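For reference, the chains in residue letters:
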Amino acid sequence: MPGIDKLPLEETLEDSPQTRSLLGVFEEDTAATSSYFSQLFKAMQRIYDAQNELSAATHLTSRLLKDYEKQRFPLGGDDEVMSSTLQQFAKVIDELSSCHAVLSTQLADAMMFPITQFQERDLREIVILKEVFQISSDDHDTAVNRYSRLSKRKENEKVKNEVMEDVYTSRKKQHETIMHYFASLNMLQYKKKIALLEPLLGYMQAQISFFKLGSENLTQQWEEFLTNIGTSVQNVRREMDSDAEATEQTIQDLKAASDPLYMPDPDPNKIPVNRNLTRKAGYLNTRYKTGLVSSAWERQYFFTQGGNLMSQSRGDVAGGLVMDIDNCSVMAVDCDDRRFCFQITSFDGKKAVILQAESRKDCEEWIATINNISKRIYLSENPEEIAARVNQSALEAVTPSPSFQQRHESFRPSTQGRPKTGRSGSQCSAGSESPALSSLSLDSLVAPDTPIQFDIISPVSEEHTSQTKSGAQGRRTNPFGESGGSKSEESEDSILHQLFIVRFLGSMEVKATESADVIYETMRQILAARAIHNIFRMTESHLLVTCECLNICCVVPQFPLSSVVLCASHQENKRLFGFVLKTAGGRVDGRPVTVCYVFESNNDGEKICDSVGLAKQIALHSEMDRKATQKQRELDKAKEKQQEELHKQKQIEKDLEEQSRLIAASSRPGQPAADGQFLVLSNSQSEDSDAGEEGQKTGESEA
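Residues numbered from 1 in each chain as written. Predicted model: local features only at pLDDT ≥ 70, side-chain atom pairs only at ≥ 80, totals over all residues. Heavy atoms only, no water.

Some points on the overall build of the protein chain
Phase 1 of the analysis: Looking only at helices and strands, the protein chain features 15 helices and 14 strands.
Phase 2 of the analysis: Within the protein chain, the proportion of its 703 residues that are buried is 33%.
Phase 3 of the analysis: Of the contacts formed within the protein chain by residues at least 6 apart in sequence, a portion of 67% connects residues at least 24 apart.
Phase 4 of the analysis: Carbon and sulfur atoms provide 53% of the accessible area of the protein chain, an area that totals close to 45,700 Å². (Helix = DSSP H or I, 4+ residues; strand = E, 2+ residues; numbered from the N terminus. Buried < 20%, exposed > 50% of the residue type's maximum accessible area, 1.4 Å probe, protein only. Contact = heavy atoms within 4.5 Å. Areas by Shrake-Rupley, 256 points an atom, 1.4 Å probe, with all protein chains shown as cover.)

Set out below in structure tokens:
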């Protein structure tokens, strides 16, 4: 190769100063080569590490996209289009991840291996040979100096021979070492060019293979898919921009409309007092005693609900009852330390609450609202209005935490001209009957003269009361209503386990089970009965939904899932839900008893109904799988039995064939025996023993 300088091996024995000077030039070149390749190795190592990180990150991205459909976002619904799109993206990115993994492997083999081998083997070998050469050179100089100091007058042959032998050995060692050192330095001129070109060649070949692999995998189909996704993204962006503009306009309108409300005590001429309100909500300061004569004020959010005044602090999940304001008295009072105060006194005079409003207008509106509510039921002369008010009060009384929509309904403009939209099916509320329900008679939905049960009783426990009592004799009863070990094991093995906090409202025997109207009518009657009898206290318990049953964890009964024929939630108060249960026992006429149970939940009642429906679907599929598995087992057993019969038949045929072979072998004299020996009979013996031997061999073969 032109341009390669070499150290002369012929001058290594002489070791002249010129040779040493030339060696110094080569050593400086070696040091520069080592420094340069060290920096190049770090750069290529960064490329390799970045490629590995890119491959791992691509694989992680693909896995996260595949797991998107398993995520449950609090504000995200089930978007099938988004899930399928991300699944296709995951497929493409997974292919890219495979390409990146192949590229990482090729970079490790074609780029990192040559330069690593050059650094760890060739350059390290030069360093070691340099150290060995320096040691041998020092030993040679020491031996020569010792030889030069031999005495001329007193010659000692033994010492002289030792010194000469030492010079010979050290010079030979130095010569061999310097020749190997020079040869390694000469070869380094070739190796550094190879070590520089091979990694670059491997890097370029790996990149070319990567791009070829990507062009083969990313076909025209993926390009069309990406084009469609890009169009969808642009559409979403335009929709987002339009929504942002509408939101900004809404903010500006609200700011302009709310500007007079920013003042805590507005001018009554600009904002008149509304004295016809029946619902009001807002922040008030309430006074409470801290000692015998001292008191303090606390700011809370107050709102009216039915005939009750509720309060709720920030951070609380639900509001608490402050006072029953039906037939109460309210008036403005003067406080020494506060303005705009008013006092609410209960109808019996045993309880009084002093509240402070922000302005005179707010104080007068609160007083007017409470007066309207307290006199609305007892001063009305219309019996239908009284019944409707009782039902509405019962509905709101069992729902102590109003929703965000209901709490701000009074601040929205009137929507009389807007058509009402709702879910498909019959519309029903606790205070008014829907058209579908009004067309049906109550006798067709609820059994006549049916009492309302306010204590939860499971039909399962009623049917097996006698068995439970007889089985409980001589045995300790579980006070928590838990069943035996086998039942708990079955529930633990269930696929579905969902727990909800519920409160039992009541149950009634019903007749119709074809429509959800029977549940709505049962809710209406139970809530009306609770309001009439002032029954507002409920026991909180846990409803466990599994694939076998609905279990009220805090009480004894369990409701078999197979007996649940209908489940629905209220269309206006989503926290109310109920289900209809058909029991095996019957009345005198022998028909099944159908009971409707009504509950209130902290969560959305539709979620509980969906869980019950999902549990019934899982139970149905499990039963179908069990039957299919049982049928497959029967087919497998029949197949195994057929295989056994076939095996027995083949064994019988094999035995018969073996017997025939033995009989044929015994009938031919002179044939070798089983151990390889010949049996020869004389003429005199053959005739006498033929019959006996044949009979004996036949018996052995049959055995």
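Read on, since the account is not over.
A few points about the confidence of the model for the protein chain
The predicted coordinates of low-pLDDT regions are not to be read in fine detail.
Phase 1 of the analysis: Across the protein chain, pLDDT averages 75, with 75% of residues at or above 70.
Phase 2 of the analysis: Per-residue pLDDT stays below 50 along residues 377-387; that stretch engages in 10 contacts with residues further than four places along the chain or on separate chains. (pLDDT = per-residue confidence, 0-100.)

Concerning the pattern of salt bridges
Phase 1 of the analysis: All chains considered together, the criterion is met by 16 salt bridges.
Phase 2 of the analysis: Salt-bridge contacts for Asp 362 lead to Lys 280; the nearest nitrogen and oxygen are separated by 3.3 Å. Taken as a pair, Asp 362 in helix α5 (residues 360-376) and Lys 280 in the loop between α4 (220-258) and β1 (281-289) lie far apart in primary sequence, 82 residues in all. Like Asp 362, the residue Lys 280 is buried in the burial classification. (Salt bridge = Lys/Arg side-chain N within 4 Å of Asp/Glu carboxyl O.)

Some points on empty space enclosed by the protein
Left-over empty space is what a probe sized like a water molecule reveals as it rolls over the atoms.
Phase 1 of the analysis: What the rule picks out here adds up to 1 cavity of 30 Å³ or more.
Phase 2 of the analysis: Size it by volume and the largest cavity reaches roughly 30 Å³.
Phase 3 of the analysis: Every residue lining the largest cavity is listed: Thr 12, Leu 13, Arg 171, Gln 174, His 175 and Ile 178. (1 Å grid on protein atoms, 1.4 Å probe; cavity = no way out; pocket = protein on both sides within 12 Å on 5 of 7 lines; lining within 4 Å. Points joined across faces, edges and corners; volume = space filled by probe spheres on them.)

Some details on the packing of helix α1 (residues 17-66) against helix α3 (residues 157-217)
Phase 1 of the analysis: The geometry of α1 relative to α3 is characterised by a closest axis approach of 11 Å and an angle of 30 degrees between their N-to-C directions. Taken together, the axes of α1 and α3 are roughly parallel relative to one another. Note that α1 runs across α3; the crossing there is left-handed.
Phase 2 of the analysis: Class assignment for the residues of the contact of α1 with α3 results in 16 nonpolar, 6 polar and 4 charged. (Axes fitted to C-alpha atoms, helices over the stretch in contact; angles between N-to-C directions. Parallel < 35°, antiparallel > 145°, perpendicular 65-115°, else oblique. Left-handed = near helix turned anticlockwise from the far one by under 90°. Nonpolar A, V, L, I, M, F, W, Y, C, P; charged D, E, K, R; others polar.)

Considerations on the pairing of strand β10 (residues 549-552)
Phase 1 of the analysis: A two-sided burial pattern is seen for β10, the buried positions comprising Cys 549 and Asn 551 on one face and Leu 550 and Ile 552 on the other.
Phase 2 of the analysis: Alignment of strand β9 (residues 540-545) against β10, held across 3 bridges, turns out to be antiparallel. Among the inter-strand pairings, Leu 544 is bridged to a residue of β10, identified as Asn 551.
Phase 3 of the analysis: Following β9, the chain reverses through 3 residues before pairing antiparallel with β10.
Phase 4 of the analysis: Across 3 bridges, β10 lies against strand β11 (residues 558-560) in antiparallel orientation. Each bridged residue has a counterpart across the sheet, and for Asn 551 the counterpart in β11 is Gln 558. (Pairing = 2+ DSSP bridges.)

Some words on the pairing of strand β3 (residues 308-312)
Phase 1 of the analysis: Across the 5 residues that make up β3, a large majority, 5, are buried.
Phase 2 of the analysis: The alternating pattern of β3 places Asn 308, Met 310 and Gln 312 and Leu 309 and Ser 311 on opposite faces, both of which are buried.
Phase 3 of the analysis: Bridging between strand β2 (residues 295-305) and β3 involves 5 bridges; their strand directions are antiparallel. Note that in β3 the partner of Phe 303 across the bridge is Met 310.
Phase 4 of the analysis: In textbook terms, the turn of a hairpin is the stretch between consecutive antiparallel strands, and for β2 and β3 this stretch comprises 2 residues, one of which, Gly 306, has a positive phi near 65 degrees.
Phase 5 of the analysis: Note: β3 against strand β4 (residues 320-324), 4 bridges, orientation antiparallel. Within β4, the residue paired with Ser 311 across the bridge is Gly 320.

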